[in-house]
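Structural features, examined
Residue strings, one per chain:
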Amino acid sequence: MAVASPHVTSYAVEATEFPDLARRYQVSGVPKTIVNEEVEILGALPPDAYIEQALAHVAPK
Amino acid sequence: MGLLSPADQQKLRETFAEMTRPVRALFFTQTLGCETCGLTRQILDELPPLTDKLTIEELNVVLDKEQARQYGIDRAPAIALAYERGDAPGALEDSRIRFVGAPSGYEFISLVQAIALVGGRPSALSAEQRARLAAVDKPVVMQVFTTPT
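Residues numbered from 1 in each chain as written. Chains lettered and ligands numbered in written order. Predicted model: local features only at pLDDT ≥ 70, side-chain atom pairs only at ≥ 80, totals over all residues.

On to helix α2 (residues 47-55) of chain A. One turn of an α-helix holds 3.6 residues; hence residues three or four places apart share an orientation. Regarding α2 of chain A, the residues found buried are Ile 51, Ala 54 and Leu 55 of chain A. Looking down the long axis of α2 of chain A, one finds its buried residues gathered within 85° of arc, a one-sided arrangement. Residues of α2 of chain A that are buried sit in contact with β2 (32-35) and β3 (39-42) of chain A together with α5 (127-134) and β5 (140-146) of chain B. (Buried ≥ 20, exposed ≤ 12 C-beta atoms within 10 Å, placed from the backbone. Helix = DSSP H or I, 4+ residues; strand = E, 2+ residues; numbered from the N terminus. Arc of directions from axis to C-beta. Contact = placed C-beta atoms within 7 Å.)

Once that is clear, we can look at the pairing of β2 of chain A. Looking down a regular strand, the side chains alternate between one sheet face and the other. Here β2 of chain A shows no split at all, with Lys 32 and Ile 34 of chain A on one side and Thr 33 and Val 35 of chain A on the other all buried. Two successive antiparallel strands, β2 of chain A and β3 of chain A, enclose a turn made up of three residues, where Asn 36 of chain A displays a positive phi of approximately 50°. Note: β2 of chain A against β5 of chain B, four bridges, orientation antiparallel. In the sheet register, Val 35 of chain A faces β5 of chain B, and the bridge partner there is Met 142 of chain B. (Pairing = 2+ DSSP bridges.)

To continue, consider the interface of chain B and chain A. Between chain B and chain A, the contact holds 36 residues from the first and 34 residues from the second. Within the residue set of the side of chain B that touches chain A, elements represented by two or more residues are β4 (92-100), α4 (106-118), α5 and β5 of chain B. Here the side of chain B that touches chain A is composed, by residue class, of 18 nonpolar, 10 polar and eight charged. (Nonpolar A, V, L, I, M, F, W, Y, C, P; charged D, E, K, R; others polar.)

Here we take up helix α2 (residues 37-45) of chain B. Residues and elements named next belong to chain B. Cys 37, Thr 40 and Ile 43 are the residues of α2 that are buried. In a view along the axis of α2, the buried residues occupy a sector of 120°, so they form one face of it. Tucked into the core, α2 has its buried residues touching β1 (23-29) and α4.

This part is about unusual backbone geometry. The omega torsion across Val 30 of chain A and Pro 31 of chain A is -5°, close enough to zero to call that bond cis. Topologically, Pro 31 of chain A is positioned in the loop between α1 (19-24) and β2. Cis geometry marks the peptide bond from Ala 76 of chain B to Pro 77 of chain B, where omega comes out at 0°. With respect to the helices, strands and loops of the structure, Pro 77 of chain B is situated in the loop between α3 (65-70) and β3 (78-84). Located in the positive-phi region is Gln 26 of chain A, a residue other than glycine, with phi close to 50°. Overall, the presence of 9 C-beta atoms within 10 Å leaves Gln 26 of chain A in the exposed class. Residues other than glycine seldom take positive phi values, yet Arg 96 of chain B does so here, at roughly 60°. Position of Arg 96 of chain B relative to the elements: it lies in strand β4.

Attention now moves to the sheet that holds β2 of chain A. On the basis of which strands lie adjacent, the open sheet formed by eight strands has the order β3(A)-β2(A)-β5(B)-β1(A)-β4(B)-β3(B)-β1(B)-β2(B) and mixed pairing. Whereas interior strands pair on both sides, the edge strands pair on one side only; in this sheet they are β3 of chain A together with β2 (54-60) of chain B. Going from strand to strand, the sheet's axes swing by 25° on average, the running direction of each strand aside. Direction of pairing for β1 of chain B relative to β2 of chain B: parallel, over a ladder of seven bridges. Residue pairing in the sheet places Phe 28 of chain B in a bridge with Leu 59 of chain B of β2 of chain B. (Axes fitted to C-alpha atoms, helices over the stretch in contact; angles between N-to-C directions.)

What follows is the structure, encoded as C-alpha cells:
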C-alpha cells in the first residue's frame, strides 16, 4: 500500500519485543493494524476489505 | 554459520531477481539495551550476498538523529527501506516501509517481499486497488502488529 500511495506509511511492529507499544494499542492478538492511531483492523482480511477499512476514515468512497 | 539453507538462498535469489532498482536497507541500531540488534544484523547480513541490488547501511537511532527523524524511527532494532532514485548517484527515496523489531520468523518473509517490492517487483494489488490508493490525499500511517511465529 505504501508503494501504491505516497501518503501511506507502513510499520511492521514486532509486538512481543515492544510490550509498551502492544499495551498502548491493546494488542491481544495478531495481526492487528492501527491506522492513524485510531482505526483498528483485527486479523488478516482479504485485500479489498483490508484496504477499505484502512482508508475508510481518510478517503471515504 | 549461515541462517539460511542453500535451498532457501536459492528461493531468495529468485525473488530478488525480479528487482529492477537498487534498494538500501537502513538498519537502525542502538548501543545499549538492544537485545535483538545483533540478531537483526545477522539476519540482514544474509541478504546482500544473494542480490547485487541490496545494500545495508547501519545507523544509530541516537547518534544519527536526523536520519532517525527523517524515517520516523524512534527505537531499535528497526529497518527502513529506501531505493535509489536513479536521477542522482546515491540519492535515496524513502519507500515509507519500516520494520520495527527483529525480522525473524514470518516477518523475515515479509521483509524479503518488501525489499523485492521496493526494488521494483510488480505489486500484487489489482489495478482497482492501486487506483483506490492513488486517490488518497491525506497521510495514512499503518502500524501492523505481529509476533515472530
